[in-house]
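Structural characterization, general
One letter stands for each residue in the lines below.
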Amino acid sequence: MSDALDSSRRTLLKAGAAAAALAALPACAVEERRPASDEGRPADFDRAVLDAAADLVLPSELDLVQRRAATDAFVRWVEGYVPVAEEMHGYGYPDVRYLPPDPAPNWRAQLEGLDLLAQRRHGARFATLDRTARTALLDDVLRPLATDRLPAPLAAPHVLLALLSHWVGQADAWDLAFDARIGRNTCRPLDDAVRQPRPLGPRSLG
Amino acid sequence: MGRTYGADICIVGSGITAAMVAAKLAQDAPAKRILVVEAGGWSTAPAERPRARDRWLAYGENPWQRDHLDDQNALGTTWGFSPNLHVGGLAMHWGGVAPRYSPEDFRLRSLYGVGDDWPIGYEDLEPFWLEAEQRLGVAGERGPARWDARTSDYPLPPLPVNWNLAQLRAAVAKADVATWSTPSAKNSVPYDGRAQCQRCDTCYPVCPTGAKYTPDVTWQQLLAAQRVELLTQVLVRRLEAHPATGRIVAATGNGTDAAGTAVRIEAGEFVLAGGFVWTAHLLLLSRDARHPDGLANRSGLVGRYLAGHRNVGGYLRLPGTVVPGVNQQHSLVSHQFMRAPTDRGRYLRHDLRLWESAEGREPRGRDDAGTPLYGDRLLADWRARAGGATARIRAYYDVLPHRESRLVLDPARTNRFGDPMPRVAFRDDEASAANRGWQEDRLRALFTRIARAAGGSVLKLQNSANDLGQEHPAGGCRMGTDAARSVCDPTGRTHDHENLWVAGAPAHVSASCCNGTLTFAAMGLRTAAHLAGTASPRPAS
């Protein structure tokens, strides 16, 4: 293991590498496939379904604006993804590895599937169901996929696990869980490091 | 038609050792024309690194664009990413950790009866360690005099022992383990035109602010001062030795761009600074009628005695509170076990590092009953497990190289020019092989003792992954005074070719039990000083 990587980050990278084994392309082909800009491709997710699911997948301590912001960030992340880009390959990598193909088509289908399941079971669109019914559906869908360690977003077997994993990877989520202004993975003044991170305080609840 | 270049000194490679060699020669041999040859091109520019960092964090993307040649790769267990051929080399990715070896490293045979002594000692290298620390900008804290042999302060004040590390330091002190801020080539204060570290926590693989030293800094400075010529995208494939004198007369190769133009470089002196893989590889490739086993290989030791170290690591649960994320990439270090006498008559030397950790306190995907966790249940479960303190602990321990720890040419796999690629296989010498299980047991026992003394417990133990080879690899052109038992002399000059020098990692006799990069750089500086004729005579011991 390298000096700097703990197991969580390494797991993220390894998960990506495992999926990418399906997509070992020559580097020249990869370069040709890179988009010319950061705009990426539209995810074309059914936002009504995604938002209705996000209201359950994300903690209720996030208010509606914060949940929508977290969901927007996830969608931007999906849209900004460059399929089969080179994976990081510093220490501990004997060769070049590539990230997985675009997960968006599968994730779109999963949202459609969730909506169809709602219609089969309840005769109504997922977004219109009450919280109890939506929770029951999510439990059924996610139970067989749940693992002890949350998968990295790119390795998530379901779009809602990817959404959740994307959120818990953000500094705000760690601050919330630890009730402290840590600012994980953000650039911060060096001298402040000697002080215990301050509690979030009441504003953290939005 | 090919291209021909001329220079007084030709440096092959542009990694951290090459950068130190070039900087030293530019200063100490100002009249000399210095030509540096790099197989790759420039990678991600400083202005692009914040975005590259963001994408690495978001997706795991490689932040270093165009940092390798697809067909120039070593096979086997190389630990480092050997096709990493671009300006700055693998040190563009490094974490910036910059410890020195200890005096014992140079006298393993004399002190412990294992391995081999080096032909130089700590005192020979000390001025060059200090110079490397100054050129890189190493921030560090002197350890207790009993455990830290350095005779001067670091050029930069230490990176702070942050709040988390202060908790860990107090905990392990209960086991009589002295720790100090890990020396790092990261600016604890603004230095050399670069900003202060902002603990962005992505030193490895990319610093977005330039606070961590990378070799491109030195190259930009030397180019701006017009002190070197840097020839990029040229792969040196052969060295030509004069049939009568043995002097190297030229380095030849080809462009690595689409044209692949033949290139010839004529110079008075040649310095190989391509790291442990490509230095030995080039010497073996350069075989000719008079040197059928490759250049500088009268001893038959080119590519042999590849050295490195392994580690045992783990996670400790400790009393108190550690908040993950304050500065994950900075650590505490102890070198007291590098200086210890033999333990019960058996050999074990190791370093010790401690980091903050989130192990066991991360969000999880299901609870103990297997129910999926998301939303409020996930946050509640996370909070319930988030408290307390966990630490990552790791010890690199000495692995002594066997003669058959070796790099060879593999004709079954060639690059675009038909050159056989290197195959690497590490092998422990007899003492290391015999002691390995006992050594690793002792380290696990030490971790347990530390945890218990602090009132905690061991969460998890793990060894370094065996499929990676040995860490911080070196060797392949070991130095020595006997031409029959070494490739280069104690200055780095090859025994067989008076104008051919090996700089940095390849000249190592062994690879200590701590990160080697600073020592690679110091060895390069020392070789450059001897080449320039500015090295001080060895002090009387």
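One can find the structure itself at the top, above this paragraph.
**A closer look at the overall build of chain A**
The helix and strand inventory of chain A stands at 8 helices and 0 strands. Counting every position in chain A, which comprises 206 residues, the buried fraction comes to 43%.

**Some remarks on unusual backbone geometry**
A cis amide bond links Tyr204 of chain B to the next residue, Pro205 of chain B, at an omega of 10 degrees. Even without being glycine, Asp179 of chain A reaches a positive phi, approximately 50 degrees. Topologically, Asp179 of chain A is positioned in the segment after helix H8 (171-178). Its 17 C-beta neighbours within 10 Å are what place Asp179 of chain A among the partly exposed residues. Residues other than glycine seldom take positive phi values, yet Ser512 of chain B does so here, at roughly 55 degrees. Considering the arrangement of structural elements, one finds Ser512 of chain B in the loop between strand E17 (500-502) and helix H10 (517-532).

**Side note on the nonpolar core**
Ranked by internal contacts, the top residues of the largest apolar core, which has 213 residues, are Cys10, Ile11, Val12, Ala22, Phe270 and Val271 of chain B. Apart from the residues lying within four places of it in its own chain, the contact partners of Phe270 of chain B are Cys10, Val12, Leu239, Ile248, Ala251, Asn499, Leu500 and Trp501 of chain B.

**Comments concerning the pairing of strand E12 (residues 389-399) of chain B**
All names here are of chain B. Of all the 11 residues making up E12, 11 are buried; the element is thus mostly covered by neighbouring parts of the structure. Two strands pair when backbone bridges link them, and strand E9 (residues 304-318) and E12 are joined in this way by 11 bridges, in the antiparallel orientation. Its bridge partner being in E12, Val312 is matched across the sheet by Ala395. The sheet contact formed by strand E11 (residues 352-356) and E12 spans 4 bridges and is antiparallel. Its bridge partner being in E12, Trp355 is matched across the sheet by Arg392.

Each value, and the rule that gives it
Residues numbered from 1 in each chain as written. Chains lettered and ligands numbered in written order. Predicted model: local features only at pLDDT ≥ 70, side-chain atom pairs only at ≥ 80, totals over all residues. Helix = DSSP H or I, 4+ residues; strand = E, 2+ residues; numbered from the N terminus. Buried ≥ 20, exposed ≤ 12 C-beta atoms within 10 Å, placed from the backbone. Core = buried A, V, L, I, M, F, W, Y, C linked by C-beta atoms within 7 Å. Contact = placed C-beta atoms within 7 Å. Pairing = 2+ DSSP bridges.

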